[in-house]
Amino acid sequence: MSTPDISHIKSSDYQLIYEPAEDSFLFLDALLQDINFIRNLRPVTCLEIGSGSGIVSTFLAKELGCPVLSICTDINPHATEVTKKTGLQNGISLEPVLTDLVNGLGERLKSNVDVLLFNPPYVVTPSEEVGSHGIEASWAGGKCGREVIDRVLPLVPNLLSKIGVFYMVVIKENRPDEICSILMKSGFTMVTVLSRRSGPEFLSILRFTRVDYR
Amino acid sequence: MKLLTHNMLTSNIIKGVTKGFPLGIQVSKLEEKSVDFNPDFVARMIPKIDWSALKQAASDVGKGDEIPADIVPQYEQNEDFLKKAHHVLMEIEVIEGELVCPESGRKFPVSNGIPNMLLNEDEV
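Residues numbered from 1 in each chain as written. Chains lettered and ligands numbered in written order. Predicted model: local features only at pLDDT ≥ 70, side-chain atom pairs only at ≥ 80, totals over all residues. Heavy atoms only, no water.

1. Re the overall build of chain B
Phase 1 of the analysis: Helices and strands together make up the secondary structure of chain B, namely four helices and four strands.
Phase 2 of the analysis: For chain B, the succession of helices and strands along the chain, N to C, is α-β-α-α-α-β-β-β.
Phase 3 of the analysis: Taken over C-alpha atoms, the radius of gyration comes to 15 Å for chain B, in line with the 14 Å a tight globule of 124 residues would show.
Phase 4 of the analysis: Each of the three principal axes of chain B carries a C-alpha extent, and together these read 50 × 25 × 20 Å.
Phase 5 of the analysis: Per-residue burial for chain B yields a buried fraction of 51% across its 124 residues.
Phase 6 of the analysis: Here the contacts in chain B between residues at least 6 apart in sequence split such that 65% fall between residues at least 24 apart. (Helix = DSSP H or I, 4+ residues; strand = E, 2+ residues; numbered from the N terminus. Rg over C-alpha atoms; globule rule 2.2 N^0.38 Å. Buried < 20%, exposed > 50% of the residue type's maximum accessible area, 1.4 Å probe, protein only. Contact = heavy atoms within 4.5 Å.)

Put into structure tokens, the structure is as follows:
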């Protein structure tokens with residue numbers, strides 16, 4: 001395994017987009033740990049919501065080693081630009097779309113997403129900080145850090161294919177048990193793939209799959 | 001933006017637009033990039049494609065002759081068909097241009113290969 005080359009991203013870019021940090025690297029570690037599971041799903045379509053630097057989708061596409069359609073959305077135009085470059089820097093063709101969450105894609109990707117990736121803005125902040133198009137959008141999560149997460153959760157059952165898997169990053173303050181019970185009502189089961197403490201944050205990578213799939 | 005990705009975009013996020021598909025393409029810069037042909041991947045992608053929308057998209061960018069009007073029977077074994085589909089889906093990229101909502105005429109810019117689907121508050 002190799003961490004994607006991000007040497008092309010300048011410090012001035014990190015004024016505008018989220019710089020990969022512990023949460024990003026824990027996400028990569030979790031995907032690597034699960035790579036055989038994901039490969040065995042024989043995914044065709046991957047979707048990342050809020051791809052930032054693009055490091056996660058790049059890593060997954062590289063590690064899978066087989067072609068996939070990797071659509072990466074972000075609400076921050078700089079992030080979509082950098083996402084594309086990070087893919088190219090690593091020989092991967094990512095397909096960025098500048099949009100809010102999955103707007104414009106939800107209809108056609110319905111039941112078509114095999115791997116859904118989401119490293120949300122999970123930091124607990126005042127609600128007023130949520131909803132920007134700049135770098136704040138990468139971390140400001142509002143109340144319980146859940147305000148953007150709670151807009152994504154209802155989309156998950158619609159987007160995922162029969163075999164589809166959903167990975168997301170959370171911190172303890174996001175109340176993972178509550179997230180679990182929300183998706184359980186739509187027929188999903190949750191596994192905590194990895195957890196790690198990083199400074200004040202207790203990070204986990206959650207994996208959701210359909211209960212009725214095997 | 002590959003035509004594969006274009007096939008997944010709709011404009012029914014605009015208030016009052018019901019289907020918003022397929023989006024028209026007005027291209028000012030197109031690129032063709034060679035991508036390794038993987039027949040298995042293309043064959044598994046075909047069922048997810050709206051073929052008539054792909055055909056229209058190909059026509060919009062001046063490549064309509066490069067794929068047949070319909071998916072051929074037993075395409076899984078038809079390498080010639082899969083190669084054509086691969087070319088149009090994976091190798092033709094809209095770098096600069098606009099996507100046009102078929103109902104409202106609203107244009108979504110494509111810049112540096114990235115479609116901008118963001119709407120103004122009064123459009124939602």
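On we go from here.
2. Considering the overall build of chain A
Phase 1 of the analysis: When you go through chain A residue by residue, the secondary structure sums to seven helices and seven strands.
Phase 2 of the analysis: Computed over the C-alpha atoms, the radius of gyration of chain A is 16 Å, within 12% of the 17 Å expected from 2.2 N^0.38 for a compact globule of 214 residues.
Phase 3 of the analysis: Along the longest, intermediate and shortest principal axes, the C-alpha atoms of chain A span 45 × 40 × 35 Å.
Phase 4 of the analysis: Sorting the 214 residues of chain A into buried and exposed places 55% on the buried side.
Phase 5 of the analysis: Counting only contacts in chain A whose residues sit at least 6 apart along the sequence, the fraction spanning at least 24 positions is 72%.

3. Quick notes on the interface of chain A and chain B
Phase 1 of the analysis: Across the boundary between the two partners, chain A contributes 28 residues, which contact 28 residues of chain B.
Phase 2 of the analysis: Here chain A and chain B share an interface that buries about 2,400 Å² over both sides, 59% of which is from carbon and sulfur atoms.
Phase 3 of the analysis: The shortest N-O distance in the salt bridge between Asp-40 of chain B and Arg-42 of chain A comes to 3.0 Å.
Phase 4 of the analysis: Applying the counting rule to chain A against chain B returns 13 residue pairs in polar contact (both at pLDDT 80 or more).
Phase 5 of the analysis: Going through the elements one at a time, strand E2 (69-74), helix H4 (77-89) and strand E3 (95-98) of chain A are the ones with two or more residues in the side of chain A that touches chain B.
Phase 6 of the analysis: Looking at the side of chain A that touches chain B element by element, the count peaks at four residues for E3 of chain A.
Phase 7 of the analysis: Here the residues of the side of chain A that touches chain B sort into twelve nonpolar, eight polar and eight charged. (Buried area = accessible area lost by both parts, 1.4 Å probe. Salt bridge = Lys/Arg side-chain N within 4 Å of Asp/Glu carboxyl O. Polar contact = N/O pair within 3.5 Å; in protein donor to acceptor, adjacent residues only side chain to side chain. Nonpolar A, V, L, I, M, F, W, Y, C, P; charged D, E, K, R; others polar.)

4. Side note on the sheet that holds strand E3 (residues 107-111) of chain B
Residue and element names in this part refer to chain B.
Phase 1 of the analysis: Strand order across the open sheet formed by four strands is E1-E2-E3-E4, with antiparallel pairing between neighbours. For this open sheet the edge positions go to strand E1 (24-32) and strand E4 (114-115), each flanked by a neighbour on one side alone.
Phase 2 of the analysis: Direction of pairing for strand E2 (residues 92-100) relative to E3: antiparallel, over a ladder of four bridges. Directly across from Val-100, in E3, lies its bridge partner Lys-107. (Pairing = 2+ DSSP bridges.)

5. What to know about the packing of helix H1 (residues 22-33) of chain A against helix H3 (residues 55-64) of chain A
Residues and elements named next belong to chain A.
Phase 1 of the analysis: Contact geometry for H1 and H3: axes closest at 10 Å, N-to-C directions at 20°. Considering their axes alone, H1 and H3 lie roughly parallel with respect to each other. Considering the relative orientation of H1 and H3, their crossing is right-handed. Contacts between H1 and H3 involve Ser-24, Phe-25, Phe-27, Leu-28, Leu-31 and Leu-32 on the former and, on the latter, Ile-55, Val-56, Phe-59, Leu-60 and Glu-63.
Phase 2 of the analysis: Among the residues forming the contact of H1 with H3, the class breakdown is nine nonpolar, one polar and one charged. (Axes fitted to C-alpha atoms, helices over the stretch in contact; angles between N-to-C directions. Parallel < 35°, antiparallel > 145°, perpendicular 65-115°, else oblique. Left-handed = near helix turned anticlockwise from the far one by under 90°.)

6. Details of the layout of surface pockets
Phase 1 of the analysis: Quantified by volume, the largest pocket comes out at close to 820 Å³.
Phase 2 of the analysis: In this structure, the largest pocket is lined by 46 residues; those nearest its centre are Asp-74, Ile-75, Asp-100, Ser-132 and Ala-137 of chain A.
Phase 3 of the analysis: Secondary structure elements with two or more residues in the lining of the largest pocket: H1, strand E1 (45-49), H3 and E2 of chain A.
Phase 4 of the analysis: Taken together, the residues that form the lining of the largest pocket break down as 20 nonpolar, 16 polar and ten charged.
Phase 5 of the analysis: Looking at the second largest pocket, it is lined by 24 residues, and the ones nearest its centre are Gly-91, Ile-92 and Ser-93 of chain A together with Val-35 and Met-90 of chain B. (1 Å grid on protein atoms, 1.4 Å probe; cavity = no way out; pocket = protein on both sides within 12 Å on 5 of 7 lines; lining within 4 Å. Points joined across faces, edges and corners; volume = space filled by probe spheres on them.)

7. With respect to the environment of Val-17 of chain B
All names here are of chain B.
Phase 1 of the analysis: With respect to the element layout, Val-17 can be found in the loop between helix H1 (3-6) and E1.
Phase 2 of the analysis: Judged by its relative accessible area of 9%, Val-17 falls in the buried class.
Phase 3 of the analysis: When sequence neighbours within four positions are dropped, the list of residues in contact with Val-17 reads Ser-11, Asn-12, Cys-101, Glu-103 and Ser-104.

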